[in-house]
Amino acid sequence: MSFHPIEQAPARLNRSELAVPGSQPGMFEKAAQSDVDVIFLDLEDAVAPDEKEQARKNIIAALNDIDWGSKTMSVRINGLDTHYMYRDVVDVVEQAGERLDLIMIPKVGTAADVYAVDMMVTQIEDAKGLKKRIGFEHIIETALGMQNVSEIAAASKRNESLHFGVADYAASTRARTTIIGGVNPDYSVLTDPAEDGARETHWGDMWHYALARMVVAARANGLRPIDGPFGDFSDPDGYKAQASRSAVLGCEGKWAIHPSQILPIEEHYKVKPQDLAVARAILDENSPAVFKMYESMCEVATHRAWAERMVAQSHVFGAHGAALMKIER
Ligand code: GLV
Ligand code: MG
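Reading the values: rules and limits
Residues numbered from 1 in each chain as written. Chains lettered and ligands numbered in written order. Predicted model: local features only at pLDDT ≥ 70, side-chain atom pairs only at ≥ 80, totals over all residues. Heavy atoms only, no water. Near = heavy atom within 4 Å. Polar contact = N/O pair within 3.5 Å; in protein donor to acceptor, adjacent residues only side chain to side chain. Areas by Shrake-Rupley, 256 points an atom, 1.4 Å probe, with all protein chains shown as cover. Helix = DSSP H or I, 4+ residues; strand = E, 2+ residues; numbered from the N terminus. Pairing = 2+ DSSP bridges. Right-handed = clockwise from strand over helix to strand, strands pointing away. Axes fitted to C-alpha atoms, helices over the stretch in contact; angles between N-to-C directions. Contact = heavy atoms within 4.5 Å. Phe/Tyr/Trp six-rings, centres within 6.5 Å; stacked < 30°, edge-to-face > 60°. Buried < 20%, exposed > 50% of the residue type's maximum accessible area, 1.4 Å probe, protein only. Lys NZ or Arg CZ within 6 Å of the ring centre and 35° of its normal. pLDDT = per-residue confidence, 0-100.

Enquirer: Got a sec to walk through the site of ligand 1? Specific residues and values, please.
Expert: For ligand 1, the full set of nearby residues is Arg-76, Glu-141, Gly-165, Val-166, Ala-167, Asp-168, Pro-229 and Trp-255. Measuring from an oxygen atom of ligand 1, one finds a side-chain N or O atom of Asp-168 at 2.9 Å. Within the complex, 93% of the 200 Å² of free accessible area of ligand 1 lies under protein. Take the shell around ligand 1: its biggest share by element is 3 residues, from helix H7 (residues 166–173).

Enquirer: Tell me about the pairing of strand E10 (residues 253–256), residues and numbers included.
Expert: Sheet analysis places strand E1 (residues 16–21) next to E10, joined by 3 bridges and oriented parallel. Each residue of the ladder has a partner; that of Glu-17, found in E10, is Trp-255. Sheet topology places strand E9 (residues 224–227) next to E10; 2 bridges connect them, and they run parallel. Residue pairing in the sheet places Asp-227 in a bridge with Lys-254 of E10. Once the chain exits E9 it traverses helix H9 (residues 236–249) before rejoining the sheet at E10, and the crossover so formed is right-handed.

Enquirer: Can you tell me about the sheet that holds strand E3 (residues 72–76), naming the residues and giving the values?
Expert: One closed barrel holds the 8 strands; their spatial order is E1-E2-E3-E4-E5-E6-E9-E10, and the pairing between them is parallel. Sheet twist, expressed as the average angle between the axes of neighbouring strands with direction ignored, equals 25°. Pairing analysis gives 5 bridges linking strand E5 (residues 135–140) to strand E6 (residues 159–164), with the strands arranged parallel. Bridged to Ile-139 within E6 is His-163. Where helix H4 (residues 111–128) meets the sheet, its contacts fall on strand E4 (102–105), E5 and E6, and the angle it forms with E5 comes to roughly 155°. Contacts from H9 reach E9 and E10 within the one sheet, and its direction differs from that of E10 by about 150°.

Enquirer: Mind laying out the packing of aromatic side chains, listing which residues take part and the relevant values?
Expert: Counted under the stated rule, the structure contains 5 aromatic pairs. Considering the side-chain rings of Phe-164 and Tyr-169, the 5.2 Å spacing of their centres and the 65° angle between planes classify their relative orientation as edge-to-face. Among the residues examined, Tyr-169 registers a relative accessible area of 10% and is labelled buried. Taken together, the ring pairs connect Phe-164, Tyr-169 and Trp-207 into an aromatic cluster. Taking NZ or CZ as reference, Lys-52 lies 5.5 Å from the ring centre of Tyr-84, over its face.

Enquirer: Which residues make up the confidence of the model for the chain, and what values go with them?
Expert: For the chain, per-residue confidence averages 90 on the pLDDT scale, and residues scoring 70 or more make up 91% of the total. Note that pLDDT drops below 50 for residues 319–329; the model gives that stretch 23 contacts with residues more than four away or on any other chain.

Enquirer: Explain the side chain of Glu-160 to me, using residue names and the numbers behind them.
Expert: Inspection of the secondary structure puts Glu-160 in strand E6. Residue contacts for Glu-160: discarding those within four places in its chain leaves Ala-9, Pro-10, Arg-12, Leu-102, Gly-135, Phe-136, Leu-223 and Arg-224.

Below is the structure:
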């Protein structure tokens with residue numbers, strides 16, 4: 001192991017993160033009743049410019065008045081390149097900071113963007129005497145943000161998670177995609193011809209590099225990597241396939257941008273019973289799995305570290321562990 005310690009962000013359940021437009025207060029109560037870990041009330045892209053001010057008021061009232069239970073509450077502010085952003089931060093934190101756990105910063109491009117919001121939030125928290133420190137979730141969704149992802153991840157003690165915003169990322173990189181988070185058949189490989197000359201087309205995952213790069217930056221800085229949206233509600237299988245791929249890469253959760261996407265998420269980000277069984281066997285000194293590892297001279301310490309993480313994660317993310325992780329308020 002490196003001598004460099006990695007400080008972990010506060011542990012939170014972040015399997016399912018539901019997006020709720022701030023301009024649609026009719027959806028708030030239902031969202032509060034839903035079975036998700038995190039809700040972000042949106043002031044950014046789901047809200048039209050002439051509705052921004054009212055949406056801000058709706059969100060402040062909702063944070064103060066609605067019983068959100070033990071859910072983690074977040075607000076997605078507008079981008080730092082808009083004139084809405086400063087008021088989003090000032091009004092929401094001043095007037096509803098007690099019930100706000102996280103601020104989601106969209107289209108973050110540099111570490112200085114994080115610094116700027118940190119400075120504002122720190123002043124407001126001090127002025128208002130807020131006891132709880134509000135955390136940050138960053139959406140990595142531009143070429144600039146991806147280029148600077150490591151610096152962004154390390155830019156503030158408030159940082160908790162990085163999210164892959166595939167829709168804006170596609171726009172920023174000019175990737176060819178039509179469905180948010182979907183794949184493109186043109187991103188494929190052709191197998192060599194078989195004896196009869198037949199060739200197969202194998203689709204590739206055009207998001208693999210971006211997601212993997214973000215996961216590395218998140219984990220190297222003790223943050224949660226979270227997969228973003230999948231736009232096609234009529235394709236639950238496509239959605240599940242994407243959730244499954246990002247879980248395999250190390251993501252802890254995924255956005256739900258429609259209530260129908262909530263339950264499938266939970267399934268994918270739980271530790272699978274078969275993985276847990278392998279992990280437990282590795283941690284049992286007397287188990288054949290351990291002898292086999294010594295015999296094959298594989299990296300025993302590495303396997304044990306993985307197994308310890310799996311078991312710990314199963315307590316945090318498994319069905320039984322969920323209750324342990326509810327944030328006390
Ligand atoms: C999310 O904000 C996205 O652009 O995918
Ligand atoms: Mg976006």
